[in-house]
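Residue strings, one per chain:
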Amino acid sequence: MLEHVAIAVLGMDEEDRICYWGPGARRLFGYEAGDVLSKPAATLFPAAPVDGTSAAERLAERGRTLGYWRVRMPALHQDGTVFDCGFRVFPVTGDQGRTVVVGLASRGDELDRVKTNLAFLDALFETCPIGLVMLDEELRYVHLNQALADMDGIPIEDHIGRSMEDFMITSDGGEYQRMLHAVADTGQPVVSALVVLRTPGRPDRDQVRSVSFFPLSQAGDTRPGLGGLLVDVTDREQAIVEATAGRQRLALLDRAAARIGTTLDVDITARELVQATVPEFADASVVEVVEWTDEPEGGFDPDMPLVTRRIASGTSLPPPAPELVGGLERVTYPPGSSIHETLRTGLPVCVAVNDEFMTQTVIHQARSQLLIDSGLTCLLIAPLIARGTVQGITMFGRSAARPVFTEQDLSLAGELASRAALCLDNARLYSQVQEIALTLQRALLPTALATSPSLRIAHRYLPGSHLTEVGGDWYDVIDLPGGPVALVVGDVMGHGVPAAAAMGRLRITAKALARQNLEPDDLLMELDACAQEAGIELATCLYIHYDPATGRAHIANAGHPPPLVREPNGTVRIIDSVPGVPLGVGGFPFGTLDIELHQGDILALYTDGLIEARGKDIDEGIGALRTELASVAGTLEETADSILTHLLPAGPTDDTVLLLAQVSPRNGP
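Residues numbered from 1 in each chain as written. Predicted model: local features only at pLDDT ≥ 70, side-chain atom pairs only at ≥ 80, totals over all residues. Heavy atoms only, no water.

## Remarks on the overall build of the protein
Then, in step 1: For the protein, the count of helices and strands is 18 helices and 26 strands.
Then, in step 2: Within the span of the protein, comprising 669 residues, buried residues form 46% of the whole.
Then, in step 3: In the protein, once contacts between residues fewer than 6 apart in sequence are set aside, the share between residues at least 24 apart is 61%.
Then, in step 4: Here the protein displays about 32100 Å² of accessible surface, and carbon together with sulfur accounts for 53% of that area. (Helix = DSSP H or I, 4+ residues; strand = E, 2+ residues; numbered from the N terminus. Buried < 20%, exposed > 50% of the residue type's maximum accessible area, 1.4 Å probe, protein only. Contact = heavy atoms within 4.5 Å. Areas by Shrake-Rupley, 256 points an atom, 1.4 Å probe, with all protein chains shown as cover.)

## Brief notes about the packing of aromatic side chains
Then, in step 1: Counted by the stated rule, this structure contains six aromatic pairs.
Then, in step 2: Centre to centre, the rings of Phe-45 and Phe-87 are 5.5 Å apart; their planes meet at 45 degrees, and the pair counts as tilted. Taken together, the positions of Phe-45 in the loop between α2 (33-36) and α3 (55-66) and Phe-87 in strand β4 (residues 82-93) put the pair 42 residues apart, joining distant regions of the chain.
Then, in step 3: Judged by its relative accessible area of 3%, Phe-87 falls in the buried class.
Then, in step 4: Judged by centre distance (5.3 Å) and plane angle (85 degrees), the rings of Phe-281 and Phe-396 are edge-to-face. With Phe-281 in the loop between α9 (266-277) and β11 (284-290) and Phe-396 in strand β16 (residues 389-399), the pair connects residues that are 115 residues apart, well separated along the chain.
Then, in step 5: Put simply, the rings of Trp-21, Phe-29 and Phe-83 touch in pairs and so form one group of aromatic residues.
Then, in step 6: Over the ring of Trp-69 we find Arg-62; its NZ or CZ atom is 5.1 Å from the centre of that ring.
Then, in step 7: One residue, Arg-398, lies across the ring of Phe-281, its end atom 5.2 Å from the ring centre. (Phe/Tyr/Trp six-rings, centres within 6.5 Å; stacked < 30°, edge-to-face > 60°. Lys NZ or Arg CZ within 6 Å of the ring centre and 35° of its normal.)

## Quick word on the pairing of strand β14 (residues 349-352)
Then, in step 1: Along β14, the buried face is formed by Val-349 and Val-351; none of Cys-350 and Ala-352, which line the opposite face, is buried.
Then, in step 2: Relative to strand β15 (residues 376-386), β14 runs antiparallel, the two being bridged by four bridges. Among the inter-strand pairings, Ala-352 is bridged to a residue of β15, identified as Cys-378. (Pairing = 2+ DSSP bridges.)

## Some points on the packing of helix α15 (residues 496-514) against helix α16 (residues 520-533)
Then, in step 1: As a packed pair, α15 and α16 sit with axes 10 Å apart at the nearest point and diverge in direction by 145 degrees. Handedness of the α15/α16 crossing: right-handed. Between α15 and α16, the residues in contact are Leu-506, Thr-509, Ala-510, Leu-513 and Ala-514 and Leu-523, Glu-526, Leu-527, Cys-530 and Ala-531, respectively.
Then, in step 2: Residue composition of the contact of α15 with α16, by class: eight nonpolar, one polar and one charged. (Axes fitted to C-alpha atoms, helices over the stretch in contact; angles between N-to-C directions. Left-handed = near helix turned anticlockwise from the far one by under 90°. Nonpolar A, V, L, I, M, F, W, Y, C, P; charged D, E, K, R; others polar.)

## Points about helix α17 (residues 618-631)
Then, in step 1: For α17, built from 14 residues, the straight-helix expectation of 20 Å at 1.5 Å per residue is met to within 8% by its first-to-last C-alpha distance of 20 Å.
Then, in step 2: Here α17 has its buried residues at Gly-621, Ile-622, Leu-625, Glu-628 and Leu-629. When α17 is viewed along its axis, its buried side chains cluster within an angular range of 125 degrees and face the same direction. Residues of α17 that are exposed and point over 90 degrees away from its buried face: Asp-619 and Ser-631.
Then, in step 3: Buried residues along α17 sit in contact with β22 (564-566), β23 (572-574), β25 (602-606) and α18 (636-647). (Expected span 1.5 Å × (residues − 1). Arc of directions from axis to C-beta.)

## Here we look at the state of the cysteines
Then, in step 1: Applying the stated criterion across every chain, the model contains zero disulfides.
Then, in step 2: In this structure Cys-350 is a free cysteine whose sulfur lies 5.1 Å from that of Cys-378, the closest cysteine sulfur available.
Then, in step 3: Given the relative accessible area of 34%, Cys-350 is considered partly exposed.
Then, in step 4: A relative accessible area of 4% means that Cys-378 is categorised as buried. (Disulfide = S-S within 2.5 Å.)

## Observations concerning the environment of Ser-106
Then, in step 1: The topology assignment puts Ser-106 in strand β5 (residues 99-107).
Then, in step 2: The class for Ser-106 is buried, based on a relative accessible area of 4%.
Then, in step 3: In sequence terms Ser-106 and Phe-29 are 77 residues apart; their C-alpha atoms lie 9.9 Å from each other.

## Some remarks on the packing of α17 against α18
Then, in step 1: Relative orientation of the contacting elements α17 and α18 amounts to 140 degrees, with a least axis distance of 10 Å. Classified by the angle their axes make, α17 and α18 are oblique. In this structure, α17 meets α18 at a crossing whose hand is right-handed. Between α17 and α18, the residues in contact are Ala-624, Leu-625, Glu-628 and Leu-629 and Thr-639, Ser-642, Ile-643, His-646 and Leu-647, respectively.
Then, in step 2: A per-class count over the contact of α17 with α18 returns five nonpolar, three polar and one charged. (Parallel < 35°, antiparallel > 145°, perpendicular 65-115°, else oblique.)

## Quick look at unusual backbone geometry
Then, in step 1: The amide bond that connects Val-278 to the next residue, Pro-279, takes the cis arrangement and shows omega of 5 degrees.
Then, in step 2: In this fold, Pro-279 is placed in the loop between α9 and β11.
Then, in step 3: Unusually for a residue other than glycine, Arg-387 sits at a positive phi of about 55 degrees.
Then, in step 4: With respect to the secondary-structure elements, Arg-387 resides in the loop between β15 and β16.
Then, in step 5: The exposure class assigned to Arg-387 is exposed, which follows from its relative accessible area of 52%.

## A closer look at the sheet that holds strand β20 (residues 539-547)
Then, in step 1: Strand order in the open sheet formed by five strands is β18-β19-β20-β21-β24, with antiparallel pairing between adjacent strands. At either margin of the open sheet sits one strand with a lone partner, and together these are β18 (472-479) and β24 (593-596). The mean angle between the axes of side-by-side strands here comes to 15 degrees, regardless of whether they run parallel or antiparallel.
Then, in step 2: Most of the contacts of α15 go to β18, to which it runs at about 20 degrees, and overall it touches β18, β19 (485-492) and β20.

## Considering the nonpolar core
Then, in step 1: Counting 31 residues, the largest nonpolar core has Phe-281, Val-287, Leu-380, Leu-384 and Phe-396 as the members making the most contacts within it.
Then, in step 2: Sorting the residues of this core by element identifies α8 (238-259), α9, β11, β12 (306-315), β15 and α14 (407-444) as the ones contributing at least two each.
Then, in step 3: The biggest single contributor to this core is α14, with nine residues.
Then, in step 4: In contact with Leu-384, not counting residues within four places along its chain, are Val-287, Glu-288, Thr-389, Val-390, Gln-391, Gly-392, Ile-393, Thr-394, Ala-417, Ala-420, Ala-421 and Leu-424. (Core = buried A, V, L, I, M, F, W, Y, C linked by side-chain atoms within 4.5 Å.)

## Thoughts on the environment of Asn-557
Then, in step 1: Position of Asn-557 among the secondary structure elements: in strand β21 (residues 552-558).
Then, in step 2: Taking the C-alpha atoms as reference, Asn-557 lies 9.9 Å from Val-488; in sequence the two are 69 residues apart.
Then, in step 3: Not counting the four nearest positions on each side in its chain, Asn-557 is found in contact with Leu-524, Cys-541, Leu-542, Pro-562, Val-578, Pro-579, Gly-580, Phe-590 and Gly-591.
Then, in step 4: At 3.3 Å, the side chain of Asn-557 forms a polar contact with the backbone nitrogen of Gly-559.
Then, in step 5: A polar contact is formed between the side chain of Asn-557 and the backbone nitrogen of His-560, at a distance of 2.7 Å. (Polar contact = N/O pair within 3.5 Å; in protein donor to acceptor, adjacent residues only side chain to side chain.)

## Let's talk about α3
Then, in step 1: Taking 1.5 Å of rise per residue, the twelve residues of α3 would be expected to cover 16 Å, and the 16 Å separating its terminal C-alpha atoms lies within 8% of that figure.
Then, in step 2: Listed as buried for α3 are Ala-55, Ala-56, Leu-59, Ala-60 and Gly-63. Projected onto a plane normal to the axis of α3, the buried residues spread over an arc of 135 degrees and lie on a single side. Exposed residues lying more than 90 degrees from the buried face of α3 are Thr-65 and Leu-66.
Then, in step 3: Those residues of α3 that are buried are in contact with β1 (8-12), β3 (69-76), β4 and β5.

And the structure:
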C-alpha cells in the first residue's frame, strides 16, 4: 500500500490546531510544515458548511468520541484546488495527559484504484480457472489459487513456504528450474512455455502445462520474485505426453542394455535387470530361473507344477514389500497359474493382484497376505526365453500410486526380458563350459602324487576366480625305475576345455616318457613333437630328474618360470640358466643343467599364476616368492600355505600350481 498510495500523517491538538505535519502531508496538501503548524486544521478544508461546523472540527470530534472514524470528504490543496480525500482519525494520549487526534489521509482516487485492483486480484485468485502463483526471490510459494492446488493435487496451505521444485517433478535435466531462475535474474518474462511434469499429489499422471512467468517488483532493492500463470493443456498436448513417455522408455531400454550382461555370471546378470528397472519402471521386481527336476523332452509342460529359484529381487516400497520379494528362495506355481500362461504363450502378461490371481498363482496363504499388505496392485510377468530354452521369468510390480501397466509397458518389458534372457543363457552356457573344463581338468590332474623316501612333497593347486576360464596348469611327481624321482610342472597357454584337454594329453605323455628314463632334454624333445602333432601351439614345461643316490638333479626347461632352491640356512637360489623355448614351437634343442641338492634343500616349482599379476613385473613376482621362501619356517605343508597366503591374499585370478620338494637324508653312499 505504501508503495502505491501516498499516505499523509498529521496531528490536531485539543484546540483543533495542527500540531504534527509529516512528509506525506506536505506532498498531499502542498504546505510546508512551517506554514501550517499551530494553524487551525480548518486551513486544510474548503469553507465551513452553512451550519457553521467545519470539516476539521467534525474530524477531531468524531476521532475523540468514537475512538476511530473513517470518512471521505473534500480537502483543500495549498494551490487552492479541492480534491476528494479519505481520512482515518483516532485519538492518541501523551505522557502529560494531552490528547492528540492523529489523521491518516490519502487521495480518494488513489484509494479507489488500489481497492479496485485488490478486489480484482482477490476475485481472480478465487475464481480464475487458470493456475496462478506468486513466488518469492527463492522461488518459494507465497500465494497460489485453488486451480493450481487442484492441478498439483495438494492443498494450498501445504505449498506455502516450500520450493516450486518440490511440486513440479520433471525429467528435463533441470531445464525448468533454470528457466525460472533466468526470469528472476534477468527480468525477462517467459510466455506459454510447455513443460511435461508430474506432481507428488498426482504421481500417476503426466501433465503438460503451458506456463508463463514474469518478475514481480518488490519494495526496496530486494531481489524480485515471480508471478506465474499455469494452464493444464495435457489433453491438447497428448502427443507430447506420449512422445515423452516413449523417449523415457527408450532411454530406460538403452540404460538397461548397457547395464545388463556386463559379466558371464547368472546371479549378477539377474541383479542388473532388477537394478535397471526399480524404481524407474516398477516399484518392485524379481528374477526367477526354472529348476528342472526332470526336464521334459519338449521343454515346458503347462500341465505340470513349475518350480523356480529366485536369484534377484528389489523394491522401493516400505515393509512388508522387501520381505515379499526377498524372503523366498524357491517358488512353486501350480498348473493354470499366470506364470504358466506367460511361458505357454512366450508373451508378457499383466495381471491385477486380486482374489483370482491369488487362487490361481499363490499357493501359500502367508505369501498371499504379504502380497496384499505390500501395496502392489498389478504385476507384469515376462518370460525369460532364449534360443528356444525357458530360462525363467521376471516380474515387475506397481502400487496404487502409479498407473497400471500399458501396452507400451508390456512391449518394453518383453524387450527387457528378451535381452536379459539372452544374457542369462550366455552366462548359463558359459557356466556349463566352465564346469566341464573344471571337471576335465580335475580328472586329469593327479589325485595322489607318487611318494618317495628321498623327497618330502607338498603341493597346491588353486583354480582361478569365477571370472577367469579354467587354465591348463598341471604338475606331477613320478617314481622312476631304480629309485630316481621326476618332478614336472607345466602350463598350456589358453583357457577352457581345449586348454584342459591339451594339458591332460601332455601330462600323460610326460609321465609315459619319464618312465623310460629319458634324459630331461630328450624327454622335452619328445614332448615337443607330441605338442606339434596335437596342434598345441604354446605350452611350457619344467622337468627335473632327481637321483637320491647321487644327490644330483638334472633340469630341463621349455620356457617355464625357473625353479628355486632354498638351502637350510635360508639362502634361496634361482635356477634360471637353463635355456629352452616353449613346447609346440619346434626346431630348437633343449639343454640340461646338472645341480647338486643337499639334505634339507627345498625345490620350489610353480606356474605363472603365482608370480604374475596385472601391473606387476614377472621378475618382481619371482623376487616376492624368493623372499617368502627364504623367510618361512615350519613344516613343508605350512610353508606352502604361507606362500599362497602372502602372494595371493585376494585369491588367484589365474590357475596356480605350487610344488615343494624337500630333500630327505640319503640312504646311499
